[in-house]
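Architecture at a glance
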Amino acid sequence: MTNESVIDDSLYSRQRYVLGDGAMQRMAKSSILVYGMGGLGIEIAKNIVLAGVKSVTVQDPSPSRLMDLGTQFFIWEEDVQKAKNRAEASSPRLSELNPYVSVNKRTDGLTDSSDLQYLTQFQCVIMTEVSLTVQVKVNNFCRANNIKFISADVFGVFSGAFCDFGDSFEVSDPNGEEPKDVLIKEITKGNPGVLTTLEETIHGFETDDTITFKEIGGMTALNGTQCKIKVLSPTSFSICVTSGFTPFTNGGVAVQVKVGKTVNFECLETQLKKPDILVADFSKFQVPGSVHAGFIALHKFQEATGQLPDIWNKSDASKVAEIVSTMKADGVLQGVGEVCERTVELLSYTCRGSFLPLCAALGGIVAQEGLKAVTGKFTPLKQWLYLDAMDVVAETSDSQNFQPRGDRYDQLRICVGDPVVSQLHNLKLFMVGCGAIGCEMLKNYALLGIGTAGKGQITITDNDLIEKSNLNRQFLFRPQHIRQPKSTTAAQTVKLINPALRIVAQQHKVCVETEKTVYTDAFFEDQDLVVNALDNVEARRYVDSRIVTARRSLLESGTMGTKGHTQVIVAHLTESYSSQRDPPEQDVPYCTLKSFPRNIDHCIQWARSKFESSFAMKPNMFNKFWSSTTDVDSLVEGLENGECPDGAVQVGKLIKMCPQSWAKCLEIARLKFEKYFNHRSKNLLHAFPLDQLMADGTPFWQAPRRPPKPIEFNLDNPTHMLFVLATARLYADNYNVTVPSPVNKDEAKQIISAVNVPQFVPSNKKIETDESKPSGEESASLSSDETKWTAQVIRAALQSRGRDTVVGKLVPAEFEKDDDSNGHIDFITAASNLRASMYHIEEADRLTIKRIAGKIVPAIATTTAAVSGLVTVELVKVVCQLPRDRYRNCFLNLALPLLLLSEPGPAETTTIREGLAFTNWDIWEVQGGPDFTLQNLMDKLKEKVGSNVTFVSQGARLVYMAFLPAHKKRLTEKMSKLLKGSAGRKYEDLVVSFESDMDEDDIAGPPIRYFF
């Protein structure tokens, strides 16, 4: 990505949707320095290299140490043995991450006397592991030379970052959100005028947003103007003065305008005394200020003694506390508030260690700030952020547990103690998914030593193969891994970070089909912890259901662009993933998509559906029809006698259309253009003329309906030609017709211009206008003429082309969004924009259409790294078996930036009666036997609950329902006969309900595990 004309979409496609091409081009001209190649520095550098700046220089004077192996994933054992410089060891491995980024190294250190002139080659300087005196010096130099400055550090279980982008930093896009728009119902005349949305749609705007207007009828003076608004309600807001305008009549769209802003920063020296801190956890409001004071005290201690406080040394901790007290007394710290003594004490105890999950979390956040610095995209951090993991530190008086043992895990041991380190090594962990989050998590597992000793083992599964677009954020994969399995490749690569890792890589889906063979109840019960690294809600819910049944804890996370979430689900303690559900997305009415689109999304959805119908479903149906119809002569005779099997008429149409040449494919495509974008428009206007009135006297064609305008085909219009060529290509692929390579467009135009296009003839087919009607209700029954026509078509084709050709298999298209050579996105782009043009809707660029049609989730490495780090903090807490109030879920948006940490909700509790309740984690066990009957089961349950059982089912299979007379006979039957299952089963899980004391619905009970 070295010039403005080329962005490698095959590599950067997911990131382009986050940053946009403008920011990507600015990154491609930017150089960034990352100083300090410890655990935090390497995380920052990795994320920036993946993002694709022009160059990254890594600088570090230190040799590789054994302790580095616990946080620095690009320093390996061979580097420690040779005492290789950390920048030298890391730079070639960073280079492998992105061929478009130049990675350079420096091995000199930064001191008070260093000449900083070399920093002028960089647009952003990021400092880690540097003394506070040097930080201040570098910051002042950067301000004087218009270089953006970031400093960040991890000390033990505490981390912090500071940003200074100068006195006046211009932000082009504060939040990265797509501009909202809303259809207008009414605009009043007044000072100010009040706008009300159509159909009580919630507008989602905020006071002081800037809005522009288009397509307004009557009050046309507003069209194209901009004004700031004041929100009055979710469906209305005041705009400018409208009293002098012509009255509003109908229609119009209010569109949000993206407005940049200027952010003013203060220098580090000023901010040290009066910090502006972003608070992430409001339940620990006092902690960030205490950490700020503690960090300064650590630097002062180090400057005075030449070293950091000793590990878990009470005397040194007291000295650090004294420094904080002196600073407070001298008025050096303003706005910090009361300092928590325990926070400062733990900081002193653990500062020589480095808690790996904080390196990952802060590394993602700081890398995103670095990208903001060179692009002006998104709102920068103003100006401090502190994250801690205090809760993982055990309350103990035995400081020996935290002393180094001379291995790669010493930095972790200093933070959490040796017993926790051993627990991590012995952990049995199952992770589902090896994509972006999965790769980051595996790296964290390797550095922590999870599954490296005793019974410890990591099992991973993912049935996907590696694509080039994965390389931009799935950092365990390289170009040579493309088309190889994700799980096995990730397992091989991560063992370079820690060869002691015990990892089993599988390629199975975790789903209903594998729960009796691979991922059984026994498999889940054998795990200590399950981690989701999935990208869809249904798969997450399924895994959640399995861990609830197995009563195992689950770590859940996900990202979308700069947004991310983490959720910790602890068995018996918290609610599960399925306890909370987002409201379902509203389906677009069928008639809207088919005849009355309102926006570009509707046009794209129509085009995507047309692709699937024409090039996948119909060829599949054709093949299926002939696989079940072997006697063609009998079929034709039956059709001639009025017998029409399902699909026969559609098969006849495909046989009739069957192209034998590229020229015929072009002809079909040209006719499809006329049908979709000219004749259908004319037919709609024939059925509903522009002056058509509704039954209540209001115009038919009023907002939100848009009257179409027929499109006249033009050979010189690129979109028209793109549609015809892409459509022809797709039909050629369906029918095994050879496509010229390359396609001669001049010859194609000659063929297209010679096509005999039929005149428009109005159709008598009903056009649905009822938005409540689902798809397919308007289909009519087949006529005898259609049946006979089908017989004639098939018979004629048999005579002219032969049986084998007529019934030969078609090749259905399998939609692939990332292959630009297959014509799939070409077709959808052209069809979407032609339909938009026909309905006077603003067209979209190819990239936007690809994202919507392909349901691409925007993604960037920085968010993934931050989320994986936060999840890993919770993983260590789960191992420590902490109480619920010590865990944290997180929602973050790095664009704002925003981090919200919150306590997870409690386990759902259902009360059956006073004194008897159960949670979503509970399973009641019933021990049966060879002669155990259904009545015995019901008696056991009644004894426990005090109410009669009214309902029993085994999954979807009904076993007993009280009000069905026939089921009374089942009461005496043995459970072994009533329950269907595999041979040798030990138990079956049942769903039961109980009779209510009130005249209410039955009470659902917990799952019943019946043991045979």
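Note that the coordinates shown come from a computational prediction; the quantities given were computed from them, not determined experimentally. Numbering of residues starts from 1 in every chain and runs along the sequence as written. pLDDT decides what is reported in this predicted model: residues at 70 or higher carry local features, side-chain atom pairs at 80 or more are listed and counted, and totals for whole chains, interfaces and linings draw on all residues regardless. Excluded from the side-chain calculation are hydrogens and water; included are all heavy atoms of the structure.

What about the overall build of the protein?
- A run of H or I in DSSP counts as a helix once it spans at least four residues, and a run of E counts as a strand once it spans at least two, with each numbered from the N terminus. Scanning the protein from N- to C-terminus turns up 30 helices and 33 strands.
- Against the compact-globule benchmark of 31 Å for 1012 residues, the protein has a radius of gyration of 33 Å, which places it among compact chains.
- Based on the C-alpha atoms only, the size of the protein along its principal axes is roughly 100 × 80 × 65 Å.
- Exposure is judged per residue with a 1.4 Å probe applied to protein chains only, and the accessible area is read against the type maximum: over 50% gives exposed, under 20% gives buried, and values in between give partly exposed. A burial count over the protein gives 54% of its 1012 residues as buried.
- Throughout, a residue-residue contact means that at least one pair of heavy atoms, one from each residue, lies within 4.5 Å. If you take every contact in the protein between residues at least 6 apart in sequence, the share linking residues at least 24 apart comes to 72%.
- Carbon and sulfur atoms make up 48% of the accessible area of the protein, which totals about 43,600 Å².
- Note on charges: Lys and Arg go in the positive column, Asp and Glu in the negative column, and His and the chain ends are not counted at all. The atoms used to mark charge sites are NZ of Lys, CZ of Arg, CG of Asp and CD of Glu. Considering the protein, the positive charge centre built from 110 side chains and the negative charge centre built from 122 side chains are found 3 Å apart. To get the radius of gyration, use the C-alpha atoms; to get the globule rule, take the number of residues to the power 0.38 and multiply by 2.2 Å. The accessible surface values rely on the Shrake-Rupley method and a 1.4 Å probe; as for residues, cover is taken only from the protein chains in view.

Things to note about the sheet that holds strand β20 (residues 503-506)
- DSSP calls a pair of strands paired once it identifies at least 2 bridges connecting them. The mixed open sheet is built from eight strands, whose spatial order is β20-β19-β18-β21-β22-β23-β24-β25. Two strands bound the open sheet, and with one partner strand each, they are β20 and β25 (898-902). Strand-to-strand twist in this sheet, taken as the mean axis angle between neighbours without regard to direction, amounts to 10 degrees.
- With five bridges connecting them, strand β24 (residues 889-893) and β25 associate as antiparallel partners. Within the sheet, the bridge partner assigned to Asn-889 lies in β25 and is Ser-902.
- Helix axes are fitted to C-alpha atoms over the stretch in contact, other axes to C-alpha atoms as well, and angles between N-to-C directions run from 0 to 180 degrees. Docked against the sheet, helix α28 (residues 861-880) engages β18 (428-432), β21 (529-532), β22 (553-560), β23 (563-569) and β24, running at close to 170 degrees with respect to β22.

Side note on the packing of helix α12 (residues 418-425) against α28
- Two elements in contact, α12 and α28, have axes whose closest approach is 10 Å; the angle formed by their N-to-C orientations is 105 degrees. The orientation of α12 with respect to α28, classified from their angle, is roughly perpendicular. Contact residues: Val-420, Gln-423 and Leu-424 in α12; Leu-875, Val-876, Val-879 and Cys-880 in α28.
- Note on residue classes: Ala, Val, Leu, Ile, Met, Phe, Trp, Tyr, Cys and Pro are nonpolar, Asp, Glu, Lys and Arg are charged, and everything else, Gly too, is polar. Looking at the contact of α12 with α28 residue by residue, the classes come out as six nonpolar, one polar and no charged. Geometric relationships in this document are graded by angle, where less than 35 degrees denotes roughly parallel, more than 145 denotes roughly antiparallel, 65 to 115 denotes roughly perpendicular, and other angles denote oblique.

Focus: the pairing of β20
- Pairing of strand β19 (residues 457-461) with β20, which is carried by four bridges, proceeds in the parallel orientation. Its bridge partner being in β20, Ile-460 is matched across the sheet by Ala-505.

Some details on the sheet that holds strand β10 (residues 210-214)
- Within the open sheet, the seven strands sit side by side as β11-β10-β14-β8-β9-β13-β12. Their pairing is antiparallel. Here the strands that pair on one side only, and so sit at the sheet edges, are β11 (226-228) and β12 (230-233). Direction aside, neighbouring strands of the sheet carry axes that sit 40 degrees apart on average.

A look at the nonpolar core
- Leu-119, Val-138, Phe-355, Leu-429, Leu-442, Tyr-445 and Leu-875 are the most contacted members of the largest nonpolar core, which has 173 residues in total.
- At 11 residues, helix α10 (residues 356-375) tops the list of elements feeding residues into this core.
- The residues contacting Tyr-445, other than those within four sequence positions of it, are Leu-429, Met-431, Ile-450, Ile-458, Leu-501, Val-531 and Leu-875.
- By nonpolar core is meant a set of buried Ala, Val, Leu, Ile, Met, Phe, Trp, Tyr and Cys residues that side-chain atoms within 4.5 Å join together. Listed in part, the 70 residues of the second largest apolar core include Val-632, Trp-662, Tyr-676 and Ala-830.

Some thoughts on helix α24 (residues 784-801)
- For a helix, the expected span equals 1.5 Å multiplied by the number of residues minus one. Its 18 residues place the ends of α24 26 Å apart at the C-alpha level, agreeing with the 26 Å of an ideal helix rising 1.5 Å per residue.
- Along α24, the residues that are buried comprise Thr-787, Thr-790, Ala-791, Val-793, Ile-794, Ala-797 and Leu-798. All buried residues of α24 lie within an arc of 165 degrees about the axis, which places them on one face of the element. Turned more than 90 degrees from where α24 packs its buried face, Asp-785, Gln-792, Gln-799 and Ser-800 sit exposed.
- Where the residues of α24 are buried, they touch α19 (632-640), α20 (648-657) and α25 (803-806).
- Gly-802 sits one or two positions beyond α24 and adopts a positive phi of about 90 degrees. Regarding the arc, it is the one traced by the directions from the helix axis to the C-beta atoms.

Brief notes about the packing of helix α18 (residues 600-628) against helix α22 (residues 718-734)
- Two numbers describe how α18 lies on α22: the axes approach to 11 Å, and their chain directions differ by 10 degrees. Taken together, the axes of α18 and α22 are roughly parallel relative to one another. Along the contact surface, α18 presents Phe-611, Ser-614, Phe-615 and Pro-619, while α22 presents Thr-727, Leu-730, Tyr-731 and Asn-734.
- In terms of residue class, the contact of α18 with α22 is built from five nonpolar, three polar and no charged.

Side note on a positive patch on the surface
- Nonpolar side chains (Val, Leu, Ile, Met, Phe, Trp, Tyr) are joined into patches within 5 Å and like charges within 9 Å, using only residues with over 30% relative accessible area and no salt bridge. Between Lys or Arg on one side and Asp or Glu on the other, a salt bridge is scored when a side-chain nitrogen of the former is within 4 Å of a carboxyl oxygen of the latter. A cluster of like positive charges, contributed by Lys-594, Lys-653, Lys-675, Arg-680 and Lys-765, occupies part of the molecular surface.
- By secondary structure assignment, the location of Lys-765 is in the loop between α23 (745-753) and α24.
- For Lys-765, a relative accessible area of 53% translates into the label exposed.

Points about the pairing of β21
- Covered by surrounding structure in β21 are Leu-529 and Val-531 together with Val-530 and Asn-532, the residues of both alternating faces.
- The pairing of β18 with β21 spans four bridges and is classified as parallel. Paired with Val-432 across the bridge in β21 is Asn-532.
- With three bridges joining them, β21 and β22 adopt parallel strand pairing. Following the sheet pairing, Val-531 is matched in β22 by Leu-555.
- Crossover β21 to β22 through helix α16 (residues 537-550) is right-handed. Throughout, right-handed denotes a crossover for which the path from the first strand over the helix to the second runs clockwise when the strands point away from the viewer.

Structural notes on the state of the cysteines
- Cysteine sulfur atoms that come within 2.5 Å of each other are treated as a disulfide pair. Enumeration over the complete set of coordinates arrives at zero disulfides.
- Note on Cys-415: no disulfide assigned, nearest cysteine sulfur contributed by Cys-359 at a separation of 8.9 Å.
- Residue Cys-415 is classed as buried on the basis of its relative accessible area, which comes to 0%.
- Not engaged in a disulfide, the cysteine Cys-439 finds its nearest cysteine sulfur in Cys-434; these two sulfurs lie 7.0 Å apart.
- A residue is classified by how much of its surface remains accessible, and Cys-439, at 0% relative accessible area, is buried.

Some details on the packing of aromatic side chains
- Only the six-membered ring of Trp is used, alongside the rings of Phe and Tyr, when aromatic pairs are assigned; centres must lie within 6.5 Å, and planes under 30 degrees apart are stacked while those over 60 apart are edge-to-face, with the rest tilted. Tallying each qualifying case throughout the model produces 46 aromatic pairs.
- Judged by centre distance (5.2 Å) and plane angle (90 degrees), the rings of Phe-615 and Phe-827 are edge-to-face. Of this pair, Phe-615 sits in helix α18 while Phe-827 sits in helix α26 (residues 824-838), placing them 212 residues apart in sequence. The residues Phe-615 and Phe-827 share a single accessibility class, namely buried.
- One aromatic cluster in this structure is built from Trp-606, Phe-611, Phe-615, Phe-673, Tyr-676, Phe-677, Phe-713, Phe-723, Tyr-731, Phe-815 and Phe-827.
- The residue whose ring lies beneath Lys-46 is Phe-475, and the NZ or CZ to ring-centre distance is 5.0 Å.
- Only when the NZ atom of a Lys or the CZ atom of an Arg is both within 6 Å of the ring centre and within 35 degrees of the ring normal do we say a charge sits over the ring. Lying over the aromatic face of Trp-924, Lys-944 brings its terminal NZ or CZ to 4.8 Å of the ring centre.

With respect to the pattern of salt bridges
- In this structure the tally under the stated criterion is 67 salt bridges.
- A salt bridge links Arg-93 to Glu-78, with the nearest nitrogen and oxygen atoms 3.6 Å apart. Of the two residues, Arg-93 is situated in helix α4 (residues 86-95) and Glu-78 in helix α3 (residues 77-81); the sequence distance between them amounts to 15 residues.
- Across the salt bridge formed by Asp-733 and Arg-729, the nearest N and O atoms sit 3.1 Å from each other. Remark: Arg-729 and Asp-733 occur in helix α22; sequence separation between them is four residues, near one turn of the helix.
- When salt bridges that share partners are traced, they join Asp-9, Arg-14, Arg-16, Asp-21, Asp-818 and Lys-850 into one network.

Considerations on the side chain of Asn-498
- Positionally, Asn-498 belongs in the loop between α14 (486-494) and β20.
- Judged by its relative accessible area of 1%, Asn-498 falls in the buried class.
- With residues up to four places along the chain from it excluded, the contact list for Asn-498 reads Arg-408, Tyr-409, Ala-446, Gly-449 and Thr-452.

Quick word on the side chain of Arg-670
- Following the sequence through the fold, Arg-670 ends up in helix α21 (residues 662-687).
- Any N or O atom pair separated by 3.5 Å or less is treated as a polar contact, with the protein-specific requirement of one donor-capable and one acceptor-capable atom, and with residues adjacent in sequence counted only for side-chain atom pairs. Side-chain polar atoms of Arg-670 contact the side chain of Glu-674, separated by 2.8 Å.
- If we ignore the near neighbours within four places in the chain, the residues touching Arg-670 are Phe-713, Val-724, Ile-752, Val-755 and Val-757.

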